[in-house]
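Next come the chains, spelled out residue by residue.
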Amino acid sequence: MKYSIEDLKEKLHTRQLEGVGERLEEDIGGGLNRAGIYFRIFNRVKTPFSIIHKLEKERYGFGENEKKLQDLIGLRVVVYYHDDMDIIRTILDKTFRRVGEWSETENTDEEFKASKLNGVFRIPEEYQMIYSGDLSEYPIDLTFEIQLRTVSFEGWHEIEHDMRYKSPHGEEFWKNNEDLSRTLNCVLANLELCDWTTLSVFDKLAYYHYEERNWEMMIKGKFRLRFDAQPLSAELADFLDRNEDVAYCLYRCDRAKAVFALMQEGGYDKITYDMVVRAVNGAAATYDGKTQRRLSKLCNEVINKKKMARPEHSDLNPLDTTPSFRLNVTLVHDPIVKVQQEFMDAVQMIGQWAQGRLRNVADDIPLTPTDYDLYTAGYRLQIMGNTSLGFYKLALDYVDVTRKGVIWRTNVSLERSERIRMKVDCSYCHAPDRLVRDSFAKPRFVDEIFRRIGYEDVIPMSLKARRISNLKDLERVSRFINDDSRTLPVIIAVEEDDKDRQINVARLAETVGTYAHVFFLEKKAISIMVEASDYTLEELTGAVWVTFCDGEDKFFTRDMIADSHFDLNRYAFDQGNIYEKAFRHRLVRLLKEKNCQ
């Protein structure tokens, strides 16, 4: 190969390019929102593999007759109405510096092709300044490509791209099947008809409402914008009733001219019917100047009156804090190792976790119990520690780069005496009306300290289910469950007669073993459990019992387990007992929810 993927990965700085793509998406989306256009927008950055593949496949280079790759960043704007594509083209031409001409579909009278409109633009200099990658060795322009599609053709382009344009089989894929290829093209004809018919329907609907003097509905059908729910003002409706030449001008106005007039006004966060009347009156009036001035004055009066009636923006409010993980345990002590060494090892693992989190922010985070303070935009790390006194505290706040408006907070402390006590308290801060979908977040150092040192919660924690096989085991577990110093939940899974229906206790223990105790009650001990409890043999067989520290118990019979199901079944095509996975998923979710309370 002419170019190396590994070399390109080092020089590409994909994350920075993704940031540029996100900013471009916000810029374009903001402009189209001001225009009131119905649209969806997506961005992507070309992967190193895709770049190398394209450079090798086609005639790219620095020669006179060679070209440069121009879609390093790609954006796709999908519109609901076909005539919006020309409007957006004009908006983009006025907003960015275009490179070359627009590429659009060239159809003849005897063929159909998927409608497309592609343009290439310079990445703005202010965004190039935040990009530190070096692509000078590659024939790549610092440009971005925008593809405009209608909703009708959006799905079709994906099919055509995969089954024709990028098919690894080339022309052989359709060879001797020209009739099928032609049939597929018939779909294109229908899609084009859909786009044309949609516009025709709304044009006729607008004319109907014009004849019926339903001015607000006429405006909606004519301009097809993202209107606010605020109705057309009664004053303007009366004016149109009394001035039919104004209503006719409004009906006949070119839609694009009205949109551009709206954008020139600026200073609004929503589009109303009143604003469209004012925009058309100012940009496309075909009636006399006196009527135009009267309408302009009336529009300003009704619009300004509604602006004054708008409530002020509310003040900033404190963020809510929602727990995401909690743990309060004693570290296992190995008699061969000094407690001081275990303390220093645990501090080092926590420090390494913080270093990993902030590796692009700070490079001096200590791995010993030393006072340290870091404060920079979006991040706060505070460490307090003393080796001789045997204490260590770390508090880290950082902004979530994938979830807007979310700040994660981690507090962890170690206290050394004869043993080491560790407390972990994690949470996330968010706007009062917003929750993170997956709120449970266990820091990586929790598992690492567990693997290298271990935890105790009255008894040692384990990633393997402990077996209960006799009366002595059962009595020991009973005393443990009733111990007031226990801080974590206990799960007892009872052996099932039918092995195919048995809960996967080993997988369960691996999943929750750092924040719950898992026991497996063997079949030979079930009769002992029956005598010691109020449950029957039938109820206990295959059951799962969970007891929490607050005294709450959950008991699931084998029938309840068999009735478990997924609201979202990611295992729909997996083999095995799906209900068992569903129940285990439900049980783990229950433990996580209780942990976060």
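Here is what the cut-offs are and how they apply
- Residues numbered from 1 in each chain as written.
- Predicted model: local features only at pLDDT ≥ 70, side-chain atom pairs only at ≥ 80, totals over all residues.
- Heavy atoms only, no water.
- Buried < 20%, exposed > 50% of the residue type's maximum accessible area, 1.4 Å probe, protein only.
- Helix = DSSP H or I, 4+ residues; strand = E, 2+ residues; numbered from the N terminus.
- Pairing = 2+ DSSP bridges.
- Axes fitted to C-alpha atoms, helices over the stretch in contact; angles between N-to-C directions.
- Parallel < 35°, antiparallel > 145°, perpendicular 65-115°, else oblique.
- Contact = heavy atoms within 4.5 Å.
- Salt bridge = Lys/Arg side-chain N within 4 Å of Asp/Glu carboxyl O.
- Phe/Tyr/Trp six-rings, centres within 6.5 Å; stacked < 30°, edge-to-face > 60°.
- Lys NZ or Arg CZ within 6 Å of the ring centre and 35° of its normal.
- Expected span 1.5 Å × (residues − 1).

A.B. asks: Help me get a handle on the pairing of strand β17 (residues 544–547), residues and values and all.
C.D. replies: Alternating positions in β17 separate into two faces, V544 and V546 on one and W545 and T547 on the other, with burial throughout. Pairing of strand β15 (residues 490–494) with β17 involves 4 bridges; the strand directions are antiparallel. Following the sheet pairing, I491 is matched in β17 by V546. Where β17 meets strand β18 (residues 553–556), 4 bridges bridge the pair, whose relative direction is antiparallel. Bridge pairing links T547 to D553 in β18. From the end of β17 to the start of β18, which pair antiparallel, there are 5 residues, and G551 there has a positive phi angle of about 95°.

A.B. asks: Let's hear about the packing of helix α2 (residues 14–35) against helix α11 (residues 255–265): which residues, and what values?
C.D. replies: Running from N to C, α2 and α11 point in directions that differ by 110°, and their axes come no closer than 8 Å. In terms of their interaxial angle, α2 and α11 are classed as roughly perpendicular. From α2, G31, R34 and A35 reach across to α11, where they touch V259, M263 and Q264.

A.B. asks: Account for the pattern of salt bridges, naming residues and giving values.
C.D. replies: A side chain with one charge may pair with a side chain of the opposite charge, provided their charged atoms come close. Enumeration over the complete set of coordinates arrives at 37 salt bridges. The residue R44 makes a salt bridge to D71 at a minimum N-O spacing of 3.4 Å. A residue pair is termed long-range when its members are at least 10 positions apart, and R44 in strand β1 (residues 39–45) and D71 in the loop between α3 (48–57) and β2 (73–79) qualify at 27 residues. Note on R44: relative accessible area 33%, which makes it partly exposed. Look at D71 and you get buried, because its relative accessible area is 8%.

A.B. asks: Tell me about the packing of aromatic side chains, residues and numbers included.
C.D. replies: Inspection of every chain in the model, using the stated rule, returns 22 aromatic pairs. Judged by centre distance (6.1 Å) and plane angle (55°), the rings of Y210 and Y248 are tilted. Taken together, the residues span a long stretch of sequence, with Y210 in helix α7 (residues 178–211) and Y248 in helix α10 (residues 244–252) at a distance of 38 residues. Y210 sits in the buried class, given a relative accessible area of 19%. Summarising the aromatic geometry, the rings of F325 and Y515 are spaced 6.1 Å apart at their centres and angled 85° between planes, so their arrangement reads as edge-to-face. Of this pair, F325 sits in strand β6 (residues 320–331) while Y515 is found in the loop between α17 (505–512) and β16 (517–521), placing the two residues 190 residues apart along the sequence. Across this residue pair, the class does not change: F325 and Y515 are buried. An aromatic cluster of at least three residues, connected via ring pairs, comprises Y207, Y210, W215, Y248 and Y251. Against the face of Y251 rests K222, its NZ or CZ located 5.8 Å from the ring centre.

A.B. asks: Give a description of α2 that names residues and reports values.
C.D. replies: For α2, built from 22 residues, the straight-helix expectation of 32 Å at 1.5 Å per residue is met to within 8% by its first-to-last C-alpha distance of 31 Å. Buried within α2 we find L17, G19, V20, G21, L24, I28, G29, G31, L32 and A35. G36 occupies a position one or two residues after α2 and carries a positive phi of about 80°.

A.B. asks: Describe in detail the pairing of strand β5 (residues 143–150), supporting the description with residues and values.
C.D. replies: Along β5, 8 of the 8 residues are buried, which leaves the element largely enclosed by surrounding structure. Residues T143, E145, Q147 and R149 of β5 are buried on one face, and the alternating residues F144, I146, L148 and T150, pointing to the opposite face, are buried as well. Direction of pairing for β2 relative to β5: parallel, over a ladder of 7 bridges. Its bridge partner being in β5, V78 is matched across the sheet by R149. Across 6 bridges, the pairing between strand β4 (residues 117–122) and β5 is antiparallel. Across the sheet, R122 pairs through a bridge with T143, a residue of β5.

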